[in-house]
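# Close look at the chain arrangement
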Amino acid sequence: MQNEIQSVLISYWFKKIDYNPKEKIDSLTDSIKSVIDTPLMYNNEDAKRLFSMPRIEGISSDKKVLFSMSLINATIRCDIKGVQDNDEVMLLINNYSQLFYDILEDVYNLDILYTSIKIELTINDINAIEFLSSKYHLSKKNYEDLSFKRGFIKDNYYINYIQNSSREYNFNIEKNESSLEQDLYDQTLLISIMDAHLNKEYLMSIIEINDRYSYNIDREYRTKKDAIRGMILELKEILKDKRYLDN
């Protein structure tokens, strides 16, 4: 079975800021322009409610990098389809994670509590339900979907392995230059499967590592670059040994 890396999601969690981050949109735009080279979108929602609602969003001109920031977290999703060399993947993760860490600290002077890195991989041309049923010794039933999550602690990090049976449908939704992935997905929720075409079935694997455990056992803990580098090294070993499949 051949795993194909699809994307990376880097998330920073910080103490709630008491103002809309759009107030520093000019500084953020200037700092982020090497990656997000299109105008940032923002709203005027106040800082007294809906803490997790994105206040700022942006997407690179090639649609490969998405940035989102709320009052309590910031995320960067990177499409890295076609990059299968593990060292190159780790280099990309390191570059993005360090860059955005610096941007959030420099522009917003944030108190970053903990950080999460997720890698999404797929195995195509596989009956994922049969594979997972056999792997986990499930009784034969007519499963529609299967999902398994395994989590443990290592070196003060939480590590999670998730495996899902997945399907990809073509919903024939019209796209334009300003279309965001979340908006496109939300539209699919309003369309019957009878009006969609099944493109493929596949196994989705997610590897996540974060340092929230360190924050859980020490309320004064804050993510530093050394912790991020440690997580990246651990991810490199996980990908090399394919532990996310075998454990």
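The preceding data block contains the structure.
These notes cover the structure that comes with them.

The rules behind these values
- Residues numbered from 1 in each chain as written.
- Predicted model: local features only at pLDDT ≥ 70, side-chain atom pairs only at ≥ 80, totals over all residues.
- Heavy atoms only, no water.
- Buried < 20%, exposed > 50% of the residue type's maximum accessible area, 1.4 Å probe, protein only.
- Helix = DSSP H or I, 4+ residues; strand = E, 2+ residues; numbered from the N terminus.
- Arc of directions from axis to C-beta.
- Contact = heavy atoms within 4.5 Å.
- Core = buried A, V, L, I, M, F, W, Y, C linked by side-chain atoms within 4.5 Å.
- Pairing = 2+ DSSP bridges.
- Axes fitted to C-alpha atoms, helices over the stretch in contact; angles between N-to-C directions.
- Salt bridge = Lys/Arg side-chain N within 4 Å of Asp/Glu carboxyl O.
- Parallel < 35°, antiparallel > 145°, perpendicular 65-115°, else oblique.
- Left-handed = near helix turned anticlockwise from the far one by under 90°.
- Nonpolar A, V, L, I, M, F, W, Y, C, P; charged D, E, K, R; others polar.
- Patch = residues over 30% accessible without salt bridge, like charges linked within 9 Å, V, L, I, M, F, W, Y side chains within 5 Å.
- Areas by Shrake-Rupley, 256 points an atom, 1.4 Å probe, with all protein chains shown as cover.

### A short note on helix H1 (residues 25–32)
Of the positions making up H1, those classed as buried are Ile-25, Leu-28 and Ile-32. In an axial view of H1, the angular spread of the buried residues amounts to 65°, which keeps them on one side of the axis. Buried residues in H1 make contact with strand S2 (41–42), strand S3 (56–59), strand S4 (65–69) and helix H2 (86–108).

### Topic: the nonpolar core
Phe-67 and Met-69 are the most contacted members of the largest nonpolar core, which has 52 residues in total. With 10 residues, H2 is the largest single contributor of residues to this core. Apart from the residues lying within four places of it in its own chain, the contact partners of Met-69 are Phe-14, Ile-17, Pro-21, Met-53, Pro-54, Arg-55, Ile-56, Ala-74, Leu-104, Tyr-108 and Leu-110. Formed by eight residues, the second largest nonpolar core is a distinct cluster that contains Ala-128, Leu-132, Leu-146 and Leu-203.

### A short note on the sheet that holds S3
With respect to topology, nine strands assemble into an open sheet ordered S2-S3-S4-S5-S1-S6-S9-S8-S7, the strand pairing being antiparallel. Across the chains shown, the open sheet's two edge strands, defined by having one partner strand only, are S2 and strand S7 (147–154). In this structure, strand S1 (residues 4–14) lies alongside strand S5 (residues 73–79), joined through seven bridges in antiparallel fashion. Counted as the bridge partner of Ile-10 is Ile-76 from S5. On the sheet, H2 packs against S1, S3, S4, S5 and strand S6 (112–124) and is oriented at approximately 25° with respect to S1.

### Topic: the pattern of salt bridges
Evaluation of the coordinates by the stated rule reveals 12 salt bridges. Where Arg-77 meets Glu-120, a salt bridge forms, and the shortest distance between an N and an O atom there is 3.3 Å. Remark: Glu-120 occurs in strand S6 and Arg-77 occurs in strand S5; sequence separation between them is 43 residues. Classification of Arg-77 as partly exposed rests on a relative accessible area of 31%. Residue class for Glu-120 comes out buried when judged on its relative accessible area of 17%. Arg-167 serves as the salt-bridge partner of Asp-145, at 3.5 Å between the closest nitrogen and oxygen. Here the residue Asp-145 occupies a position in the loop between helix H3 (128–135) and S7, and Arg-167 occupies one in strand S8 (residues 157–170), the gap between them amounting to 22 residues. Its relative accessible area of 48% is what places Asp-145 among the partly exposed residues. For Arg-167, a relative accessible area of 28% gives the class partly exposed.

### Considering the packing of H1 against H2
At a closest axis distance of 10 Å, the pairing of H1 and H2 adopts a crossing angle of 155°. When the axes of H1 and H2 are compared, the pair comes out roughly antiparallel. Taken as a pair, H1 and H2 cross one another with a handedness that is right-handed. Between H1, through Ser-27, Leu-28, Ser-31 and Ile-32, and H2, the contact on the second element is made entirely by Phe-100, Ile-103, Val-107 and Tyr-108. Grouping the amino acids of the contact of H1 with H2 by side-chain chemistry returns six nonpolar, two polar and no charged.

### Thoughts on the environment of Val-107
Tracing the backbone through its elements, the reader meets Val-107 in helix H2. Expressed as a C-alpha distance, the spacing of Val-107 and Leu-28, which sit 79 residues apart in the sequence, is 6.4 Å. Once you skip the residues sitting within four places of it in the chain, Val-107 turns out to touch Lys-24, Ser-27, Leu-28 and Ser-31.

### Some details on a nonpolar patch on the surface
A cluster of nonpolar side chains, namely Tyr-185, Leu-189 and Leu-190, defines an oily patch on the protein surface of about 400 Å² accessible area. By the element assignment, Leu-189 lies in the loop between helix H4 (181–188) and strand S9 (197–210).

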